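So you can see what is in the structure, the chains are spelled out below.
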Amino acid sequence: MTINLCCSRCGANQNISYTTASVLKAVKDGWGSYGSALYCPACSATWGDRNHNRPMADEDNTFTAIDRLHTRRHTI
């Protein structure tokens, strides 16, 4: 099963398989989140500059955001 990660800031997107390994790789490659919004590696890297050094959410939040995206897309 494939899901599309879409950056909430710039719209960059990446299709990944919804497997533990693929989700882990996406997060390790730099996908981040704040609340339920996902951010691509480039936007994650500049998050602090744009948000007055407010910390981005931890990796667990990003895993949860991706899981919720998968659930929403596959229960409609």
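In the block above lies the structure referred to throughout.
Calculation rules
- Residues numbered from 1 in each chain as written.
- Predicted model: local features only at pLDDT ≥ 70, side-chain atom pairs only at ≥ 80, totals over all residues.
- Heavy atoms only, no water.
- Axes fitted to C-alpha atoms, helices over the stretch in contact; angles between N-to-C directions.
- Helix = DSSP H or I, 4+ residues; strand = E, 2+ residues; numbered from the N terminus.
- Parallel < 35°, antiparallel > 145°, perpendicular 65-115°, else oblique.
- Left-handed = near helix turned anticlockwise from the far one by under 90°.
- Contact = heavy atoms within 4.5 Å.
- Nonpolar A, V, L, I, M, F, W, Y, C, P; charged D, E, K, R; others polar.
- Polar contact = N/O pair within 3.5 Å; in protein donor to acceptor, adjacent residues only side chain to side chain.
- Phe/Tyr/Trp six-rings, centres within 6.5 Å; stacked < 30°, edge-to-face > 60°.
- Buried < 20%, exposed > 50% of the residue type's maximum accessible area, 1.4 Å probe, protein only.
- Core = buried A, V, L, I, M, F, W, Y, C linked by side-chain atoms within 4.5 Å.

Notes on the packing of helix α1 (residues 20-28) against helix α4 (residues 59-73)
A pair of packed helices can be characterised by two numbers: the angle between their axes and the separation between those axes.
At step 1: One way to put it is that α1 packs onto α4 with a least axis distance of 10 Å and a crossing angle of 130°. As judged from the angle between their axes, α1 and α4 are oblique. The two elements α1 and α4 cross, and the hand of that crossing is right-handed. Facing Val23, Leu24, Val27 and Lys28 of α1, the residues of α4 in contact are Glu59, Thr62, Phe63 and Ile66.
At step 2: For the contact of α1 with α4, the per-class residue count stands at five nonpolar, one polar and two charged.

With respect to the side chain of Ser44
At step 1: Structurally, Ser44 is set in helix α2 (residues 41-45).
At step 2: Among the polar contacts listed, one links the side chain of Ser44 to the backbone nitrogen of Gly32, at a separation of 3.2 Å.
At step 3: When near neighbours in sequence (up to four residues on either side) are disregarded, Ser44 contacts Gly30, Trp31, Gly32, Tyr39 and Met56.

Looking at the packing of aromatic side chains
At step 1: Across all of its chains, the model carries two aromatic pairs by this definition.
At step 2: Seen from their ring centres, Tyr39 and Trp47 are 5.2 Å apart, and the 55° between their planes marks the pair as tilted. Judged on exposure class, the residue Tyr39 and its partner Trp47 are both buried.

Thoughts on the nonpolar core
At step 1: Counting residues in each nonpolar core, the largest one holds 18 residues, and the members touching the most others are Leu5, Cys7, Ile16, Trp31, Leu38, Tyr39 and Ile66.
At step 2: Put simply, the parts of the chain that give this core at least two residues each are β1 (2-6), α1, β4 (37-39) and α4.
At step 3: Here this core takes four residues from α4, the largest share from any one element.
At step 4: Other than its neighbours up to four places away in sequence, Ile16 contacts Met1, Thr2, Ile3, Leu5, Ser22, Val23 and Ala26.

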